Amino acid sequence: MHQLTLAEIARGLADKKFSSEELTRTLLARINQLDPQLNSFISVTEELAISQARAADARRAAGENGPLLGAPIAHKDLFCTQGIRTSCGSKMLDNFKAPYDATVVSKLAEAGAVTLGKTNMDEFAMGSANESSHYGPVKNPWNLEHVPGGSSGGSAAAVAARLLPAATATDTGGSIRQPAALTSLTGLKPTYGRVSRWGMIAYASSLDQGGPLARTAEDCALLLQGMAGFDAKDSTCIDEPVPDYSASLNNSLEGLRIGLPKEYFGAGLDPRIADLVQASVKELEKLGAVVKEISLPNMQHAIPAYYVIAPAEASSNLSRFDGVRFGYRCENPVDLTDLYKRSRGEGFGIEVQRRIMVGAYALSAGYYDAYYLQAQKIRRLIKNDFMAAFNEVDVILGPTTPNLAWKIGAKNNDPVAEYLEDVYTITANLAGLPGLSMPAGFVDGLPVGVQLLAPYFQEGRLLNVAHRYQQVTDWHTRAPTGF
Ligand code: GLN
């Protein structure tokens, strides 16, 4: 039963082949048995899951139907869940039980999804390897010595290991797409404003966006359908109707114009990944797509701009964790300054402290113009590059990551080496565009992902291309040995 996708589960539940409670118990047992190898969960919410599953079964018995009714999922541990620890992967929030549900959590609960637990993540979503978590690193099920990517590494490892069919995640600079690539999943970062950020603990508010991680594009469509939509509680959430994402999955790709940015295929890209990306292009050509070389000339400035803007916003967002109102408080402070200093010094890990310092520096009076303002200008240039490209093509295709999943610990002494892994993903966040990563093969037993980018609100187009690709390839169906 653990091999089933969300779409298959929906059919099985509708046909009464099994109940949600049966399925939920099977997956909870699997998590208990296998997760010690992976460390993909911070909390398993067994009681909640069983009661939600029973409620979903009762709703079905009463005649209700729906693709997520009774479907087991998990939430990245930065979505607030009422009465349940919401740690953000940090010692700072280890004792924090959210007083309310995030909009994404309540929307999915209303649709009948069953929450199996909260997944591990890089502390405050800062990282690309899931090594900065207070709860320890997450292992990649394809090779337990390697990272699963981050910051949504727990959601990715759990779904890849068939502990559950799908999970929520967030993407500030690649945290849905990069772990999807490194664990052979399909992951979608929606357009900025498509999914409510209310109750999603903020890292960099102008870049953060929630989205689905699943094995197939078809499942991403189902989960996104449950997550997307206007929310008056998030002032940046956009009041645009949500299309039926499943309805366009099978659209023809005849004449689809795919842009390959020449800057994506230069030095720094593992040539074995480049080959698999080219192979995926060939498959899409067979389906009717036409390929064109394009240029994104400002791409080289994306990493420096992102690593000014994201820390700047983080330094402001994380100032609320001061040891006073909630979260970690140091022992026996001698005065207020000592309370602030030690609560933050002891509660935050090293990477979070580094980002707060970089961000505060970039925003300080003497350096604001030189760094923050400059980075914002680059951000506009990057957006302009995409707008020009989308005059010529319908989607942009390239690698999701320049390298394969690396060994746990390999980049620990070199934060910049880890930042460079985000080279292909962060531009979509800077521009607010939707992006998807889909499985495209393996090198040395480690998964490779292909990234697709589209104009604003064209999530349906991305899912359509990925779904058609998945009908003629089987990378997304392969399971890691031992899981
Ligand atoms: N690796 C990037 C960072 O550390 C992106 C993380 C994310 O998308 N949350 O900022």
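These notes cover the structure that comes with them.

A closer look at the overall build of the chain
Here is step 1: Within the chain one finds 15 helices and eleven strands.
Here is step 2: Since a compact globule built from 483 residues should have a radius of gyration of about 23 Å, the 21 Å found for the chain is in line with a globular shape.
Here is step 3: Burial statistics for the chain: of 483 residues in total, 61% are counted as buried.
Here is step 4: Of all intrachain contacts in the chain linking residues separated by at least 6 positions in sequence, the fraction that spans at least 24 positions is 76%.
Here is step 5: Just so you have it, the chain exposes about 17,400 Å², and 52% of that area is on carbon and sulfur atoms.
Here is step 6: Positive and negative side-chain charges in the chain, numbering 45 and 51 respectively, have mean positions lying 1 Å apart.

Description of the environment of Ala109
Here is step 1: Mapped onto the elements of the fold, Ala109 is located in helix α4 (residues 103-110).
Here is step 2: Note on Ala109: relative accessible area 31%, which makes it partly exposed.
Here is step 3: Separated by 286 residues in sequence, Ala109 and Val395 place their C-alpha atoms 33 Å apart.
Here is step 4: Sequence-distant contacts of Ala109, defined by excluding residues within four places in its chain, comprise Gln52 and Arg59.

Some remarks on the pairing of strand β9 (residues 395-399)
Here is step 1: Counting buried residues in β9 gives five out of five residues, a clear majority hidden from the surface.
Here is step 2: Bridge count for strand β7 (residues 257-261) against β9 is two bridges, and the pairing is parallel. Residue pairing for β9: Gly259 is matched across the bridge by Ile396.
Here is step 3: Where β9 and strand β11 (residues 446-453) come together, four bridges link them in antiparallel fashion. Across the sheet, Gly398 pairs through a bridge with Gln451, a residue of β11.

Description of helix α7 (residues 217-227)
Here is step 1: For α7, a buried count of nine out of eleven residues is recorded, marking the element as mostly surrounded by other parts of the structure.
Here is step 2: One or two positions beyond α7, positive phi appears at Gly229, with a value near 135°.

Focus on the packing of helix α2 (residues 20-38) against helix α3 (residues 46-61)
Here is step 1: Where α2 contacts α3, the two axes come as close as 8 Å, and the packing angle between them is 160°. The orientation of α2 with respect to α3, classified from their angle, is roughly antiparallel. Crossing angle aside, the handedness with which α2 passes α3 is right-handed. Residues Ser20, Glu21, Thr24, Arg25, Leu28 and Asn32 of α2 form the contact with α3, whose participating residues are Glu46, Ala49, Ile50, Ala53, Arg54, Ala56 and Asp57.
Here is step 2: Counted by class, the contact of α2 with α3 contains five nonpolar, three polar and five charged residues.

Concerning the side chain of Thr400
Here is step 1: Inspection of the secondary structure puts Thr400 in the loop between β9 and α13 (415-420).
Here is step 2: On the accessibility criterion, Thr400 (0% relative accessible area) is buried.
Here is step 3: Of note is the side chain of Thr400, whose polar atom sits 2.8 Å from the side chain of Ser437.
Here is step 4: Only 3.2 Å separates the side chain of Thr400 from the backbone nitrogen of Gln451, close enough to count as a polar contact.

Considering the packing of helix α9 (residues 302-317) against helix α12 (residues 368-389)
How two helices pack is summed up by the angle between their axes together with the distance between the axes.
Here is step 1: Relative to each other, α9 and α12 sit at 125°, their axes nearing to 9 Å. When the axis of α9 is compared with that of α12, the two are oblique. Where α9 crosses over α12, the handedness of that crossing is left-handed. Listed contacts from α12 to Ala302, Ala305, Val308, Ile309, Ala312 and Glu313 of α9 are Tyr371, Tyr372, Ala375, Gln376, Ile378, Arg379 and Ile382.
Here is step 2: Looking at the contact of α9 with α12 residue by residue, the class counts come to ten nonpolar, one polar and two charged.

Looking at the pairing of β11
Here is step 1: Among the eight residues of β11, eight are classified as buried, and the element is accordingly described as predominantly covered.
Here is step 2: Here β11 shows no split at all, with Leu446, Val448, Val450 and Leu452 on one side and Pro447, Gly449, Gln451 and Leu453 on the other all buried.
Here is step 3: Bridge analysis of strand β10 (residues 435-443) against β11 gives eight bridges, and the strand direction is antiparallel. Across the sheet, residue Ser437 finds its bridge partner in β11, namely Gln451.
Here is step 4: Linking two consecutive strands that pair antiparallel, namely β10 and β11, is a turn of two residues; a positive phi of about 55° is found at Asp444 within it.

A closer look at a nonpolar patch on the surface
Here is step 1: A grouping of Val324, Leu336 and Tyr340 is seen on the molecular surface, where their side chains present a nonpolar patch of about 260 Å² in accessible area.
Here is step 2: Residue placement: Val324 occurs in the loop between α9 and α10 (336-347).
Here is step 3: Given the relative accessible area of 37%, Val324 is considered partly exposed.

Looking at empty space enclosed by the protein
Here is step 1: Counting across every chain of the model gives two cavities of 30 Å³ or more.
Here is step 2: Taken as a whole, the largest cavity spans an internal volume of roughly 90 Å³.
Here is step 3: If you go around the largest cavity, you meet 16 residues; those closest to its centre are Gly127, Ser128, Ser175, Tyr306 and Asp422.
Here is step 4: Tallied by class, the residues present in the lining of the largest cavity amount to five nonpolar, nine polar and two charged.
Here is step 5: For the second largest cavity, the calculated volume is near 40 Å³.
Here is step 6: Forming the boundary of the second largest cavity are Tyr264, Leu296, Asn298, Met299, Ile382, Asp385, Phe386 and Thr427.
Here is step 7: Among the elements that take part in the lining of the second largest cavity, α12 stands out by supplying three residues, more than any other.

What counts, and where the lines are drawn
Residues numbered from 1 in each chain as written. Predicted model: local features only at pLDDT ≥ 70, side-chain atom pairs only at ≥ 80, totals over all residues. Heavy atoms only, no water. Helix = DSSP H or I, 4+ residues; strand = E, 2+ residues; numbered from the N terminus. Rg over C-alpha atoms; globule rule 2.2 N^0.38 Å. Buried < 20%, exposed > 50% of the residue type's maximum accessible area, 1.4 Å probe, protein only. Contact = heavy atoms within 4.5 Å. Areas by Shrake-Rupley, 256 points an atom, 1.4 Å probe, with all protein chains shown as cover. Lys, Arg positive; Asp, Glu negative; His and termini not counted. Charge placed at Lys NZ, Arg CZ, Asp CG, Glu CD. Pairing = 2+ DSSP bridges. Axes fitted to C-alpha atoms, helices over the stretch in contact; angles between N-to-C directions. Parallel < 35°, antiparallel > 145°, perpendicular 65-115°, else oblique. Left-handed = near helix turned anticlockwise from the far one by under 90°. Nonpolar A, V, L, I, M, F, W, Y, C, P; charged D, E, K, R; others polar. Polar contact = N/O pair within 3.5 Å; in protein donor to acceptor, adjacent residues only side chain to side chain. Patch = residues over 30% accessible without salt bridge, like charges linked within 9 Å, V, L, I, M, F, W, Y side chains within 5 Å. Salt bridge = Lys/Arg side-chain N within 4 Å of Asp/Glu carboxyl O. 1 Å grid on protein atoms, 1.4 Å probe; cavity = no way out; pocket = protein on both sides within 12 Å on 5 of 7 lines; lining within 4 Å. Points joined across faces, edges and corners; volume = space filled by probe spheres on them.

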